[in-house]
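Residue-level structural notes
Next come the chains, spelled out residue by residue.
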Amino acid sequence: IIHILNLLRKKQTDSAIELLTAYNKKIPDNAIIYNMLGSAYLQNKDTGKAIQFFNHSIKLDHQFLLPRINLARLNIQEKKYKEAKKLYLDILEMAPENETVLIDLAGLSQIENDEKGMLRWLNTAAKLNSSAVKPRYLLNQYYYGKKDFEKALLASSELIELQPENVTFLKSHADNLLALN
């Protein structure tokens, strides 16, 4: 499996599909393999086959969230925002603290020019996981861009608490402090 992931990372999708198809014959009805096949076909720009494999993966394992996330992201690429949002909300029914989904929903809200929704999803992700870095970093960037340096400073302070030696976070915190003075 790791070899296949490396092939996909190197954009050697035909080789990955060949290996995944062979695995699928040895281990039929494996949701992970079907999801990986969907990802490989998506990388090959064959969205029709990708959708088929993602849907089959979900059929095999209703609790497997990754193919749902992949379908939602595909819907966003195709500007099918309502379908994407429905998939994400369905995932949150099963896994209400899924940080990836909350951040993706924030991104979807931003695409739809729903600033309040974006902030709601990011804040939810940050509140549900006290060690979540990404939502705090995105909040910091957002508030800094809006010149709301007090809120940016709060977010960067939380980042520094989580990763006190992270140079990016230290610089961001310093920028927020300078902007306030």
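Rules used in this analysis
Residues numbered from 1 in each chain as written. Predicted model: local features only at pLDDT ≥ 70, side-chain atom pairs only at ≥ 80, totals over all residues. Heavy atoms only, no water. Core = buried A, V, L, I, M, F, W, Y, C linked by side-chain atoms within 4.5 Å. Buried < 20%, exposed > 50% of the residue type's maximum accessible area, 1.4 Å probe, protein only. Contact = heavy atoms within 4.5 Å. Salt bridge = Lys/Arg side-chain N within 4 Å of Asp/Glu carboxyl O. Helix = DSSP H or I, 4+ residues; strand = E, 2+ residues; numbered from the N terminus. Axes fitted to C-alpha atoms, helices over the stretch in contact; angles between N-to-C directions. Parallel < 35°, antiparallel > 145°, perpendicular 65-115°, else oblique. Nonpolar A, V, L, I, M, F, W, Y, C, P; charged D, E, K, R; others polar.

1. Considering the nonpolar core
In terms of nonpolar packing, the biggest core is built from 44 residues, with Leu20, Leu37, Tyr88, Val101, Leu105 and Leu139 touching the most fellow members. The contacts of Leu139, once residues within four sequence positions are left out, are Leu119, Leu122, Asn123, Ala126 and Ala155.

2. Observations concerning the pattern of salt bridges
Across all of its chains, the model carries 7 salt bridges by this definition. When the shortest N-O distance is used, the salt bridge between Glu115 and Lys146 registers 3.5 Å. Placement of the pair is Glu115 in helix H8 (residues 115-128) and Lys146 in the loop between helix H9 (134-145) and helix H10 (149-162), with a sequence separation of 31 residues. Between Lys171 and Asp175 there is a salt bridge; the shortest N-O distance is 2.9 Å. One end of the pair, Lys171, and the other, Asp175, are both in helix H11 (residues 167-180), 4 residues apart, so they sit about a helical turn from each other. Asp175 gets classed as partly exposed once you look at its relative accessible area, which sits at 24%.

3. Some details on the packing of helix H5 (residues 66-77) against helix H7 (residues 99-111)
Between H5 and H7, the shortest axis-to-axis distance is 12 Å and the interhelical angle comes to 10°. When the axis of H5 is compared with that of H7, the two are roughly parallel. Within the contact between the two elements, H5 uses Ile69, Arg73 and Ile76 and H7 uses Thr100, Val101, Asp104, Leu108 and Ile111. For the contact of H5 with H7, the residue count by class is 5 nonpolar, 1 polar and 2 charged.

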